[in-house]
Amino acid sequence: MTYLEHLVAFDTRNGSGNEMVCVRYLEEALKAFSPDSLHVGEVGRSRGKSNSGYVLASWGQPKTVLNVHIDTVPSGAGWTGDPLTLRHEGDRVVGLGTSDIKGAAACILGALEAVTPKDVAILFSGDEEHGSEVMPAVIADGRLTGIETAIVCEPTSCHVGRTHRGMLAISAEFQGVGGHSSLADVTARPLLEAARLAAKVGDYADANLDFGVDPFKGLCVNIGEIESDGAYNVIPTLAKLWLSLRPPPGDNVRQREADIYALAKDATLDTIVAFEPFATKDISVFSKVFGDTEIVDLPYWTEAAMTSEAGINTVVYGPGNLEQAHKPNEYVEIAQLETAARRYAVALQGVLS
């Protein structure tokens with residue numbers, strides 16, 4: 001558990017932590033296993049966030065990459081102990097990121113102690129929990145050129161994840177001159193326009209409830225928030241709406257974006273994220289690593305969508321569970337860590353090459 005103890009101790013909370021300190025630790029840890037290539041990159045992030053980064057190690061002529069993100073969500077309230085201090089509780093270990101997904105990173109490092117890597121790469125990357133700006137930079141820089149298969153190590157309870165929805169998030173802003181509510185009949189009403197757009201998007205969602213196939217029917221449209229600077233007797237000067245959709249596998253996220261933009265033609269629009277859905281290209285290839293492990297469809301988005309879109313045959317596999325992540329006293333079962341480490345050890349030996 002030494003690796004996991006160190007990894008949890010690094011504050012990589014997205015938006016406030018320092019991912020590069022953890023990247024440098026991982027760089028030193030990987031050096032001990034004599035990679036043929038070792039590269040550290042730093043990526044400037046948008047929307048006012050600090051820099052993020054990654055470390056990529058490779059052995060031989062890599063055809064497979066194992067990817068783990070090193071950032072976590074903010075810890076929030078409700079923890080009964082320090083979230084950055086790993087603690088043992090029976091058959092589990094508790095700490096921020098143990099399930100999502102520093103536990104997987106520790107498994108990979110532990111597996112490296114047991115096997116000799118062959119034609120494989122390991123990518124520890126940041127900024128997954130909010131903007132996912134590192135993975136596109138890695139791909140755009142050609143760092144994954146030649147890679148044919150990928151294992152994205154998100155928490156799947158050690159099942160093999162083959163599909164998940166995409167993710168589209170948009171903000172819409174309406175402006176006016178503001179004023180006394182007694183003049184509401186003759187004054188621009190930004191908050192009302194935001195509410196009307198929310199209703200239109202809701203109707204759009206209802207019209208698509210049967211779109212797709214189980215377990216991915218519908219678009220999972222959410223109106224997350226509407227805010228303004230008004231009051232019951234004050235006409236706002238500004239109103240802002242945040243919404244999201246989760247298109248199913250096979251759908252076109254950019255077309256959905258165009259549909260929402262058409263509904264909101266009078267607003268100032270900003271696409272926060274536009275991530276494609278994911279589906280494994282050929283899952284039979286991965287039986288060499290996972291055997292008859294149960295195959296599942298995932299309810300959440302991962303960066304597997306990005307590696308898949310780049311032409312890489314990808315699956316999602318890792319210890320931990322969605323129900324244990326992003327909440328106080330996050331934990332992972334020790335048995336799952338042991339299982340994942342064994343599977344990663346097989347992948348590291350180049351059986352997918």
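Positions within a chain are numbered from 1, following the residues in the order the chain's sequence is written. Reporting of local features is limited, given that this is a predicted model, to residues whose pLDDT is at least 70; pairs of side-chain atoms are given and counted only at 80 or more, and all residues count toward the totals for whole chains, interfaces and linings. As a rule here, side-chain values come from all non-hydrogen atoms in the structure, and water together with hydrogens is ignored.

*Asks:* Got a minute to help me understand the sheet that holds strand β13 (residues 238-245) in this structure?
*Replies:* What links the strands of a sheet is backbone hydrogen bonding, and the strands pair in either a parallel or an antiparallel sense. Sheet architecture is open: four strands sit in the order β11-β13-β9-β14, paired in antiparallel fashion. Lying at the two open borders of the sheet, with one neighbouring strand each, are β11 (222-228) and β14 (268-275). The mean angle between the axes of side-by-side strands here comes to 10°, regardless of whether they run parallel or antiparallel. Pairing between strands is defined by DSSP: at least two bridges between the two strands are required. What counts as a helix is a DSSP run of H or I of at least four residues, what counts as a strand is a run of E of at least two, and both are numbered from the N terminus. Here strand β9 (residues 167-175) runs beside β13; their pairing, made up of eight bridges, is antiparallel. If you follow Gln175 over to β13, its bridge partner there is Leu238. In what follows, a contact means two residues having at least one pair of non-hydrogen atoms within 4.5 Å. Each axis is a line fitted through C-alpha atoms, taken for helices only over the stretch in contact, and angles between the N-to-C directions span 0 to 180 degrees. The sheet strands contacting helix α5 (residues 190-207) are β9, β11 and β13, and the helix crosses β13 at an angle near 15°.

*Asks:* Would you explain the environment of Glu133 in this entry?
*Replies:* Position of Glu133 among the secondary structure elements: in the loop between β6 (120-125) and α4 (134-140). Here Glu133 falls in the partly exposed class, since its relative accessible area comes to 21%. Taking the C-alpha atoms as reference, Glu133 lies 19 Å from Asp11; in sequence the two are 122 residues apart. When accessible area is computed with a 1.4 Å probe and restricted to protein chains, residues below 20% of their type maximum are described as buried, those above 50% as exposed, and intermediate ones as partly exposed.

*Asks:* What am I meant to see in the sheet that holds strand β18 (residues 331-333) here?
*Replies:* What the three strands build is an open sheet, ordered β4-β5-β18; its pairing is antiparallel. Looking at the sheet topology across the chains shown, the edges are occupied by β4 (87-89) and β18. With strand direction ignored, the average angle separating the axes of adjacent strands in the sheet is 30°.

*Asks:* What's the story with the layout of surface pockets in this structure? I'm lost.
*Replies:* If a probe the size of a water molecule is rolled over the atoms, the empty space left behind becomes visible. Points on a 1 Å grid over protein atoms alone make up a cavity when a 1.4 Å probe fits among them but cannot get out, and a pocket when they form an open set with protein on both sides within 12 Å along at least five of seven lines; lining residues each have an atom within 4 Å of a point. Grid points are joined across faces, edges and corners, and a volume is the space filled by probe spheres set on the points. The space that makes up the largest pocket amounts to roughly 560 Å³. Along its surface, the largest pocket is lined by 24 residues, and Glu128, Glu129, His130, Arg246 and His326 are the ones closest to its centre. Listed by contribution, the elements that provide at least two residues to the lining of the largest pocket are β9 and β14. Counting residues per element, the lining of the largest pocket draws most heavily on β14, at three residues. Per-class residue counts for the lining of the largest pocket are 12 nonpolar, seven polar and five charged. Gly falls in the polar group here, along with every residue not listed as nonpolar (Ala, Val, Leu, Ile, Met, Phe, Trp, Tyr, Cys, Pro) or charged (Asp, Glu, Lys, Arg).

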